[in-house]
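# Architecture at a glance
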Amino acid sequence: MKLQRSGFVAGIALTATIALTACGSDNNEPAAGGTSAAPGSCVSGSLTAQGSTAQKNAMDEWIKAYQQQCGSGTTVDYQGTGSGAGIEAFIAGTADFAGSDSALKEEEQPQADAKCVGGKALNLPMVIGPIAVVYNVEGADGLQFSSATLAKIFSGKITKWNDAAIAAENAGAKLPDANIETVHRADESGTSDNFTKFLSKTAEADWTYGNAKAWKAPGGTAVSKSDGIATKVKGTPNTISYIEMSFAENQSLQAAKIKNGAGEFAELSAVNAGKTFENAEIKGKDGDLALSLDYATTTPGAYPIVLVTYEIACSKGSAKAKEVQAFLKYTSSTEGQKELGELGYAPLPETLRAKVAESVATIA
């Protein structure tokens with residue numbers, strides 16, 4: 001399937017009915033952020049943020065709309081430096097909030113909390129970003145992979161495109177007798193963390209490198225940032241990599257179907273990605289909304305390789321608390337989430353969106 005930028009979330013309205021386990025009450029107060037960033041809800045001032053490249057396209061759109069609505073006295077500067085760099089900047093105090101494709105690690109949480117005088121650092125899910133497995137193999141359209149085969153490819157156990165394991169999952173496909181060049185992120189990335197988490201949870205026998213923001217498997221070509229991955233795959237025959245769908249769409253890359261826990265090869269789509277969140281659990285508490293995803297979901301049709309980008313922000317104690325709250329009220333509003341539709345992202349399911357908006361409303 002060659003991805004093209006289009007109405008990615010056609011039919012995504014069904015996610016409004018998704019019930020996330022442990023979401024708590026159904027408090028949908030309007031004050032929780034159900035409207036756009038009208039001038040009356042704007043706060044003059046500047047914000048500096050950085051982190052996840054996965055959400056960079058969403059952030060660019062949000063910032064443009066927010067600044068247009070709020071006027072020249074309100075500015076937000078978001079740099080896509082990678083999730084690891086974003087968290088480091090937040091901990092160092094050089095970012096007012098950070099974007100990350102993974103919630104704060106156990107060892108990172110207290111360091112981030114220390115920057116929030118009288119409060120704590122919150123993990124606020126803001127964007128659902130399906131991860132596409134993209135490839136560049138001439139004449140091989142519509143490839144599909146199980147997690148075991150992907151694990152063997154990215155760990156170097158399968159090195160040829162016409163390997164028997166790939167052929168068995170792709171009957172009739174034109175597979176060349178060519179070396180596979182795997183491409184992975186050079187910088188610390190939540191996309192790597194989520195992709196390797198999928199492999200470690202669903203192909204334990206074939207993937208022995210666990211999950212982390214830093215790539216741990218041997219071999220392959222390391223490339224920085226999401227746009228770098230997309231450019232590399234588009235311009236290099238016989239490559240394969242993983243990348244957020246928005247970047248795959250922008251470069252019209254081939255995206256593979258992925259075998260899920262129900263035994264189906266699921267196509268990457270908004271509806272299918274949303275199905276993976278049906279069994280998501282909120283593991284955070286007291287306003288923290290870190291999620292636990294079931295990568296081995298048996299939900300029929302579910303596309304299992306997904307990530308959620310989080311905004312890491314102080315619940316209390318930030319010198320820019322009012323500015324951060326105002327901007328995140330917009331991004332977590334129904335209007336802000338609608339902006340994601342044409343960018344290769346899926347909006348948050350309504351039950352979760354309301355919870356995020358509720359938590360944002362308590363920032364002080």
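Since we're looking at a predicted model, the values are computed, not measured.

## A short note on the overall build of the chain
- Each helix and strand counted, the chain has twelve helices and 14 strands in total.
- Burial status across the chain gives 55% buried among its 364 residues.
- Once local pairs closer than 6 in sequence are excluded, the contacts in the chain between residues at least 24 apart make up 78%.
- Carbon and sulfur atoms form 47% of the exposed surface of the chain, whose accessible area is close to 13700 Å².

## With respect to helix H6 (residues 190–202)
- The end-to-end C-alpha distance of H6, which contains 13 residues, comes to 18 Å, matching closely the 18 Å that a straight helix rising 1.5 Å per residue would cover.
- In terms of burial, H6 is largely enclosed, as ten of its 13 residues are buried.
- Residues of H6 that are buried include every one of Gly-190, Thr-191, Ser-192, Asp-193, Asn-194, Phe-195, Thr-196, Phe-198, Leu-199 and Ser-200, and no others.
- At the N-terminal end of H6, a side-chain oxygen is found 2.9 Å from the backbone nitrogen of Thr-191, two or three residues along, and the residue is Ser-189.

## Observations concerning the state of the cysteines
- Inspection of every chain in the model, using the stated rule, returns two disulfides.
- Each sulfur in the disulfide pair Cys-42 and Cys-70 lies 1.8 Å from the other. In this structure the cystine formed by Cys-42 and Cys-70 twists about its S-S bond by roughly -70°; its chirality is therefore left-handed. In this pair, Cys-42 is assigned in the segment before strand E1 (45–51) and Cys-70 in helix H1 (residues 56–70), connecting sequence segments 28 residues apart. Here Cys-42 matches Cys-70 in class, with each residue buried.
- Here Cys-116 engages in a disulfide with Cys-314; their sulfurs sit 2.0 Å apart. Taking the sign of the S-S torsion, -75° for the link of Cys-116 and Cys-314, the bridge is left-handed. Placement of the pair is Cys-116 in the loop between helix H3 (109–113) and strand E4 (121–136) and Cys-314 in strand E14 (residues 306–314), with a sequence separation of 198 residues. There is no split in this pair, since Cys-116 and Cys-314 are both buried.
- What connects to what in the chain, once the bonded cysteines are numbered by sequence position, is 1-2, 3-4.

## Some points on helix H2 (residues 83–92)
- Within H2, seven of the ten residues are buried, leaving the element largely enclosed by the surrounding structure.
- Taken residue by residue, H2 has Ser-83, Gly-84, Gly-86, Ile-87, Ala-89, Phe-90 and Ile-91 as its buried positions.
- Taken together, the buried residues of H2 touch E1, strand E3 (97–100), H3, E4, H6 and E14.
- Taken from the residues just after H2, Gly-93 is the one with a positive phi, measuring 85°.

## Concerning the side chain of Ser-147
- By the secondary structure assignment, Ser-147 is in helix H4 (residues 147–154).
- You can call Ser-147 buried: its relative accessible area is 11%.
- Within the local environment of Ser-147, its side chain forms a polar contact with the backbone oxygen of Thr-202, the two atoms lying 3.2 Å apart.
- The residues touching Ser-147, leaving out its near neighbours within four places in the chain, are Phe-198, Leu-199, Thr-202 and Ala-203.

## Describing the sheet that holds strand E5 (residues 144–145)
- Here three strands make up an open sheet; going across it, the order is E5-E10-E11 and the pairing mixed. Both edges of this open sheet fall to E5 and strand E11 (265–266), since each of them pairs with a single strand only.
- Of the pairings in the sheet, the one linking E5 to strand E10 (residues 257–259) comprises two bridges and is parallel in character. Following the sheet pairing, Phe-145 is matched in E10 by Ile-258.

## A closer look at the packing of H1 against helix H10 (residues 321–331)
- Interhelical geometry of H1 versus H10 gives an angle of 115° and a closest axis separation of 10 Å. With respect to H10, the axis of H1 lies roughly perpendicular. Judged by the twist between their axes, the crossing of H1 over H10 is right-handed. Across the interface between the two elements, Met-59, Trp-62, Ile-63, Ala-65, Tyr-66 and Gln-69 from H1 touch Ala-326, Phe-327, Tyr-330 and Thr-331 from H10.
- Here the residues of the contact of H1 with H10 sort into eight nonpolar, two polar and no charged.

## Topic: the confidence of the model for the chain
- When pLDDT is averaged along the chain, the result is 88, and 90% of the positions lie at 70 or above.
- This model gives residues 6–36 a pLDDT under 50, and the stretch forms 78 contacts once residues within four places in sequence are excluded.

## Quick look at the layout of surface pockets
- The space that makes up the largest pocket amounts to roughly 510 Å³.
- Lining of the largest pocket is provided by 27 residues; of these, Ser-102, Ala-103, Lys-197, Lys-283 and Leu-291 occupy positions nearest its centre.
- Every element with two or more residues in the lining of the largest pocket is listed here: H6, strand E13 (291–292) and E14.
- It is H6 that provides the largest number of residues to the lining of the largest pocket, a total of four residues.
- For the lining of the largest pocket, the residue count by class is nine nonpolar, seven polar and eleven charged.

Each value, and the rule that gives it
- Residues numbered from 1 in each chain as written.
- Predicted model: local features only at pLDDT ≥ 70, side-chain atom pairs only at ≥ 80, totals over all residues.
- Heavy atoms only, no water.
- Helix = DSSP H or I, 4+ residues; strand = E, 2+ residues; numbered from the N terminus.
- Buried < 20%, exposed > 50% of the residue type's maximum accessible area, 1.4 Å probe, protein only.
- Contact = heavy atoms within 4.5 Å.
- Areas by Shrake-Rupley, 256 points an atom, 1.4 Å probe, with all protein chains shown as cover.
- Expected span 1.5 Å × (residues − 1).
- Polar contact = N/O pair within 3.5 Å; in protein donor to acceptor, adjacent residues only side chain to side chain.
- Disulfide = S-S within 2.5 Å.
- Pairing = 2+ DSSP bridges.
- Axes fitted to C-alpha atoms, helices over the stretch in contact; angles between N-to-C directions.
- Parallel < 35°, antiparallel > 145°, perpendicular 65-115°, else oblique.
- Left-handed = near helix turned anticlockwise from the far one by under 90°.
- Nonpolar A, V, L, I, M, F, W, Y, C, P; charged D, E, K, R; others polar.
- pLDDT = per-residue confidence, 0-100.
- 1 Å grid on protein atoms, 1.4 Å probe; cavity = no way out; pocket = protein on both sides within 12 Å on 5 of 7 lines; lining within 4 Å.
- Points joined across faces, edges and corners; volume = space filled by probe spheres on them.

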